[in-house]
Amino acid sequence: MNAPDRIAFRTPPETMPGPDNPETPSKSGGRRPPNSDAYAIRSSTSLDPRVHGAIGPTSLEAEPSPFRHELFLLQEGEKKITFEPETRVPNAAMFTFNKEDHTLGNLLRAKLVKSPHVIFAAYQVPHPLFAVFNMRVQTDGELSPRDAVVQACKDLVGELEKLDQEFTKEWELKKIATQGVDM
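These numbers were taken from a predicted model, which means no experiment stands behind them.

Chemist: Got a minute to help me understand the overall build of the protein in this structure?
Modeler: When you go through the protein residue by residue, the secondary structure sums to three helices and six strands. Ordered by position from N to C terminus, the α and β elements of the protein give β-β-α-β-β-α-β-β-α. In the protein, once contacts between residues fewer than 6 apart in sequence are set aside, the share between residues at least 24 apart is 53%.

Below, the structure is given as structure tokens:
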């Protein structure tokens, strides 16, 4: 994969200014100024990681990307959600959602904040390359953080089912309306 560097000349080499050509100006001994690319375009095939991606074991060529289903399907022994009670603040807990991203994190946070029993709800994505987010929830004590998250999930599922029904109904009405026009 590593091919030698090639030099692509803008002008034929015999007419190019340089130390071999007597018409070269006598600036710095008739040599080209250092770091000057005015005379030739250097094309590197895979030596510059900024142009051609990372070089070495982190390269996409060296390690193929995972299959798309591995980004959201749980492997053997993986848990979707882990729960850890917060010891510094009363009625608070930290949830870690595995194989999820900002989509679910922001939906859950928005739903939890609207709950009258939730004092604080926020999420954080530790690293953008990993599909994991942490959510911290604090309640007023009438409802546990776990119950608040479960209730928010149930409400979101209900809203999404209603959205699906409305969309399907509108889609079918649109198909009926366009069939009448075609006749």
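Chemist: Just checking my understanding: could you explain helix α2 (residues 102–114) for this structure?
Modeler: An α-helical turn contains 3.6 residues, so a residue and the one three or four places further along point in the same direction. For α2, built from 13 residues, the straight-helix expectation of 18 Å at 1.5 Å per residue is met to within 8% by its first-to-last C-alpha distance of 18 Å. Within the sequence span of α2, burial applies to Gly105, Leu108, Lys111 and Leu112. Taken end-on, α2 shows its buried residues confined to a sector of 140°, consistent with a single buried face. Exposed side of α2, more than 90 degrees from the buried face: Thr103 and Lys114 are the residues found there.

Chemist: I'm lost on the pattern of salt bridges in this one. Help?
Modeler: Any two side chains of opposite charge can pair, on the condition that their charged atoms come close. Under the counting rule described, the total for this entry stands at six salt bridges. A salt bridge links Glu78 to Lys99, with the shortest nitrogen-to-oxygen separation between them at 3.7 Å. Of this pair, Glu78 sits in the loop between α1 (49–52) and β3 (81–85) while Lys99 is found in the loop between β4 (92–98) and α2, placing the two residues 21 residues apart along the sequence. The class of Glu78 is partly exposed, set by a relative accessible area of 31%. The exposure class of Lys99 is buried, given its relative accessible area of 14%. A salt bridge links Glu100 to Lys80; the shortest N-O distance between them is 2.8 Å. Of this pair, Glu100 sits in the loop between β4 and α2 while Lys80 sits in the loop between α1 and β3; the two residues are 20 residues apart in sequence, bridging distant segments of the chain. A residue is classified by how much of its surface remains accessible, and Glu100, at 21% relative accessible area, is partly exposed. Exposure remark for Lys80: the relative accessible area of 28% places this residue in the partly exposed category.

Chemist: How should I be thinking about the sheet that holds strand β6 (residues 132–139) in this particular structure?
Modeler: Whenever strands of a sheet pair, they do so through backbone hydrogen bonds, lying parallel or antiparallel. Spatially, the four strands line up as an open sheet ordered β3-β4-β6-β5, and their pairing is antiparallel. Single-partner strands in this sheet number two, and they are β3 and β5 (118–124). For this sheet, the mean inter-axis angle between neighbouring strands, taken without regard to orientation, is 15°. One ladder, built from seven bridges, connects β4 with β6; its direction is antiparallel.

Chemist: Explain the packing of aromatic side chains here, please?
Modeler: Note on aromatic pairs: each is described by the distance of the centres and the angle between the planes. Across all of its chains, the model carries four aromatic pairs by this definition. Aromatic side chains Phe97 and Phe133 sit 4.6 Å apart centroid to centroid with 10° between the ring planes, which places their arrangement in the stacked category. On the criterion of sequence distance, the pair formed by Phe97 in strand β4 and Phe133 in strand β6 is long-range, its members being 36 residues apart. Measuring from centroid to centroid gives 6.2 Å for Phe167 and Trp171, while their planes differ by 20°, and the two rings are stacked.

Chemist: Just checking my understanding: could you explain the pairing of β4 for this structure?
Modeler: Put simply, side chains in a regular strand alternate between the two faces of the sheet. By the criterion of burial, β4 is predominantly enclosed, with five of the seven residues buried. With five bridges connecting them, β3 and β4 associate as antiparallel partners. Its bridge partner being in β4, Glu84 is matched across the sheet by Met94. Linkage of β3 to β4, two consecutive antiparallel strands, is achieved through a turn of six residues, within which Asn91 is found at a positive phi near 55°.

Chemist: Which parts of the structure should I look at to understand the side chain of Asn134?
Modeler: Residue position: Asn134 is located in strand β6. Apart from residues lying up to four places away in sequence, Asn134 is in contact with Met94, Phe95, Thr96, Ala122, Tyr123, Gln124 and Pro126.

What counts and what doesn't
Residues numbered from 1 in each chain as written. Predicted model: local features only at pLDDT ≥ 70, side-chain atom pairs only at ≥ 80, totals over all residues. Heavy atoms only, no water. Helix = DSSP H or I, 4+ residues; strand = E, 2+ residues; numbered from the N terminus. Contact = heavy atoms within 4.5 Å. Expected span 1.5 Å × (residues − 1). Buried < 20%, exposed > 50% of the residue type's maximum accessible area, 1.4 Å probe, protein only. Arc of directions from axis to C-beta. Salt bridge = Lys/Arg side-chain N within 4 Å of Asp/Glu carboxyl O. Pairing = 2+ DSSP bridges. Axes fitted to C-alpha atoms, helices over the stretch in contact; angles between N-to-C directions. Phe/Tyr/Trp six-rings, centres within 6.5 Å; stacked < 30°, edge-to-face > 60°.

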